[in-house]
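# A look at the structure
These are the residues of each chain, in order.
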Amino acid sequence: MEYAWSPCRGTLDFGPECTADTGAALCQGPTTRFSLGKVTSASFDVARTVTPTRTTLTYTGGDAERKAVVTLVCMQEQNSFIFTGEEPALNYQFTYTGPSACISSDPDKPEEHHDVTVSISAGSVMLIIFFVGLAFYFVVGALFMRFGRHAEGSEVVPNKSFWTGLPGLIKDGGLFLISPCRGGGSEKAYEQL
């Protein structure tokens, strides 16, 4: 048997069933040709706990529900693609060994692992602190107003007059900012003394 494998773009010129147009990633031949899986169905599984690093690449959607599993073994010295068996039926097993199977940004260091660290920015920390502080201000202030000053209803809001006047202050500030752009005429000017 012969097998043609093109992991990214689909196999080329391996019969009408196995061309880039059909999307076949792996094909079996030479007499009767079958697609063993589609490029678009590829899924990866990385096992970093073994040395050398092993990645399993699985293709589904082949002819008659065929499926192919390619074990990628990172080795700088070798470059081979071997059919290892068909078990169970219609599930084809392959092993690719070579430098292209290495997961690394530096080909001279194939076993170097790149851990991804996710962190939040300083701006995110500041926003979290601001909103937690704002919530704390309202909760503690409302409790103080209710039990310390014996306020009831909307009077439990700390600094109620400030918070009710804030929308008007924001509106006035916005109008002040855009007034030079609007060409504030004589009706907006101060009275002459």
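Computed from a predicted model, the values in this text were never measured in an experiment.

## With respect to the packing of aromatic side chains
How two aromatic rings sit relative to each other is given by the distance of their centres and the angle of their planes. Counted according to the given criterion, the structure contains twelve aromatic pairs. Between Trp-5 and Phe-81 the ring centres are 4.8 Å apart and the planes differ by 15°, which places this aromatic pair in the stacked class. You can see Trp-5 sitting in strand β1 (residues 2–5) and its partner Phe-81 sitting in strand β7 (residues 80–86), a full 76 residues away along the chain. Residue Phe-81 is classed as partly exposed on the basis of its relative accessible area of 29%. A ring pair is formed by Phe-138 and Trp-163, whose centres lie 5.1 Å apart and whose planes are at 45°; its orientation type is tilted. In this pair, Phe-138 sits in helix α1 (residues 122–148) while Trp-163 sits in helix α2 (residues 160–178), placing the two residues 25 residues apart along the sequence. Put simply, the rings of Tyr-3, Trp-5, Phe-81, Phe-83, Tyr-92, Phe-94 and Tyr-96 pair up and form one aromatic cluster. Across from the ring centre of Phe-34, 3.7 Å away, lies the NZ or CZ of Arg-66, which sits over that ring. The positively charged end of Arg-146 is found above the aromatic ring belonging to Phe-147, 5.9 Å away from the centroid.

## Digging into the environment of Ser-80
Mapped onto the elements, Ser-80 comes out in strand β7. Residues Ser-80 and Gly-98, spaced 18 residues apart in sequence, show a C-alpha to C-alpha distance of 6.5 Å. If sequence neighbours within four positions are ignored, Ser-80 has contacts with Thr-95, Tyr-96 and Thr-97.

## Some words on α1
Because each turn of an α-helix spans 3.6 residues, side chains separated by three or four positions end up pointing in the same direction. Taking 1.5 Å per residue, 27 residues should reach 39 Å; α1 reaches 37 Å between its end C-alpha atoms and fits that length. Phi for His-150, located one or two positions after α1, is positive at around 55°.

## Describing the confidence of the model for the protein
For the protein, the average pLDDT comes to 80, and 77% of its residues sit at 70 or higher. With pLDDT under 50 throughout, residues 110–116 is counted as low confidence; its partners more than four residues away or in other chains account for 14 contacts.

## Concerning the sheet that holds strand β2 (residues 24–29)
Spatial strand order, β1-β2-β3: three strands in an open sheet with antiparallel pairing. Each edge of the sheet is formed by a strand with only one pairing partner; in this case those strands are β1 and β3 (34–38). Within the sheet, the average angular offset between the axes of one strand and its neighbour, ignoring direction, is 15°. As paired strands, β2 and β3 are joined by four bridges and run antiparallel to one another. Bridge pairing in β3 links Ala-24 to Lys-38.

## What to know about the nonpolar core
Ranked by size, the top nonpolar core spans 14 residues in total, and within it Leu-26, Leu-36, Val-70 and Phe-94 carry the most contacts. Elements with a minimum of two residues in this core: β2, β5 (54–59), β6 (67–74) and β8 (91–98).

## Considering unusual backbone geometry
Of note, the bond from Glu-87 into Pro-88 is cis; its omega dihedral lies within 30 degrees of zero at -10°. Structurally, Pro-88 can be placed in the loop between β7 and β8. The residue Leu-90 is not glycine, and still its phi comes out positive at about 70°. Mapped onto the fold, Leu-90 is located in the loop between β7 and β8. For Leu-90, a relative accessible area of 28% translates into the label partly exposed.

Cut-offs and rules
- Residue indices begin from 1 for each chain and proceed along its sequence in written order.
- With the structure being a predicted model, the display of local features is reserved for residues of pLDDT at least 70 and the display and counting of side-chain atom pairs for 80 or more, all residues being used for whole-chain, interface and lining totals.
- The side-chain values count all of the structure's non-hydrogen atoms but skip hydrogen atoms and water molecules.
- Think of it this way: a Phe, Tyr or Trp ring, Trp meaning its six-membered ring, pairs with another when their centres are within 6.5 Å, and the plane angle makes it stacked under 30 degrees, edge-to-face over 60, tilted otherwise.
- Helix numbering and strand numbering both begin at the N terminus, where a helix is a DSSP run of H or I of at least 4 residues and a strand a DSSP run of E of at least 2.
- Relative accessibility decides the category of a residue: with a 1.4 Å probe and only protein chains considered, values under 20% of the type maximum give buried, values over 50% give exposed, and everything between is partly exposed.
- Lysine and arginine charges are scored as sitting over a ring when NZ or CZ, respectively, is within 6 Å of the ring centre and within 35 degrees of the ring normal.
- Here a residue-residue contact requires only that any non-hydrogen atoms of the pair lie within 4.5 Å.
- Here, expected helix span is obtained from the residue count minus one, scaled by 1.5 Å.
- Every residue gets a pLDDT, meaning the predictor's confidence in that residue, from 0 to 100.
- A pair of strands is treated as paired once DSSP finds two or more bridges between them.
- Note on definitions: angles span 0 to 180 degrees between N-to-C directions of axes, and those axes are lines fitted to C-alpha atoms, for helices only across the stretch in contact.
- Residues enter a nonpolar core if they are buried and are Ala, Val, Leu, Ile, Met, Phe, Trp, Tyr or Cys, with the set joined through side-chain atoms within 4.5 Å.

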